[in-house]
Amino acid sequence: EAGVAQSPRYKIIEKRQSVAFWCNPISGHATLYWYQQILGQGPKLLIQFQNNGVVDDSQLPKDRFSAERLKGVDSTLKIQPAKLEDSAVYLCASSSGPANTQYFGPGTRLTVL
Amino acid sequence: SQQGEEDPQALSIQEGENATMNCSYKTSINNLQWYRQNSGRGLVHLILIRSNEREKHSGRLRVTLDTSKKSSSLLITASRAADTASYFCATALSTINTGTASKLTFGTGTRLQVTL
């Protein structure tokens, strides 16, 4: 069974630029999550999708972050414009249901200069 | 804010020894999960313990949960160099909308170093 795929693996941008991350969850997983992990900290949930609907985006900085999962499969997370404090690893995870084990992708390491 | 706090922040042991990590949390939970993260890699789910369980085993892993003290411990027996990683506890809270536990709140992690 293929795992959660993410791209790119690394991204370096300058502040005020835009960036987008892509995630392909495990086939058949209805629930998809985006986490932000700042160096030295645990992951923090940004947004949770159930199929193509948003379940929880309470910790998503909506003035600059957006995410979508239009067809209930792949998802993109966008930052526009980026700030220095957005430097982090962005992790995507999926599960077969909201109460089930989450499987994480390798993450995208973002560096904002 | 972080729900869980792991203790110790860092732990260094020799191969073959046991490693114990503790996690404390603040609010009522549906379940508590432990994850491992190797350097440069994603998180790997290790074990889940539900709020009505007190102890659970998986291979060399033993997890305990004390809901009265809002704490959990992860024991790794007979550690190996490959166990070197950061270990996170994550608590699952009940969500209002769905009524099922889904949102995971991670702690700050314990960095485990196993030396030969």
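Calculation notes
Per chain, residue numbering runs from 1 following the sequence as it is written. The naming scheme follows written order: chains are lettered A onward, ligands numbered 1 onward. Thresholds applied to this predicted model are a pLDDT of at least 70 for local features of residues and 80 or more for the giving and counting of side-chain atom pairs; totals over whole chains, interfaces and linings are not thresholded and use all residues. Calculated side-chain values reflect all of the structure's heavy atoms, with hydrogen atoms and water omitted. Helix numbering and strand numbering both begin at the N terminus, where a helix is a DSSP run of H or I of at least 4 residues and a strand a DSSP run of E of at least 2. The size measure is the radius of gyration over C-alpha atoms, and the globule rule it meets is 2.2 Å times the number of residues to the 0.38 power. Think of it in three bands: residues with accessible area under 20% of the maximum for their type are buried, residues over 50% are exposed, and the middle band is partly exposed, with areas taken using a 1.4 Å probe on protein chains only. We call two residues in contact when some of their heavy atoms are within 4.5 Å. Method for areas: the Shrake-Rupley scheme with a 1.4 Å probe, in which residue coverage is limited to the protein chains shown. Pairs of cysteine sulfur atoms within 2.5 Å are what we label disulfides.

### Describing the overall build of chain A
Phase 1: Secondary structure summary: chain A contains zero helices and 11 strands in total.
Phase 2: For chain A, the N- to C-terminal ordering of α and β elements is β-β-β-β-β-β-β-β-β-β-β.
Phase 3: Rg of the C-alpha trace for chain A: 13 Å, near the compact-globule value of 13 Å for 113 residues, within the 12% margin.
Phase 4: In terms of overall dimensions, chain A has C-alpha extents of about 35 × 25 × 25 Å along its principal axes.
Phase 5: Every one of the 113 residues in chain A was classed for burial, and the buried ones make up 46%.
Phase 6: Summarising the internal contacts of chain A: among those between residues at least 6 apart in sequence, 53% fall at separations of at least 24.
Phase 7: Of the roughly 5,400 Å² that chain A leaves accessible, carbon and sulfur atoms contribute 50%.

### A closer look at the state of the cysteines
All names here are of chain A.
Phase 1: Scanning the entire structure with this criterion turns up two disulfides over all chains.
Phase 2: At a sulfur-sulfur separation of 1.9 Å, the disulfide partner of C23 is C92. Disulfide C23-C92: the torsion about the S-S bond is -70°, which places it as left-handed. Placement of the pair is C23 in strand β3 (residues 19–24) and C92 in strand β9 (residues 88–95), with a sequence separation of 69 residues.
Phase 3: Look at C23 and you get buried, because its relative accessible area is 0%.
Phase 4: What makes C92 buried here is its relative accessible area of 0%.

The quantities given are spatial measurements derived from coordinates; they are silent on function.
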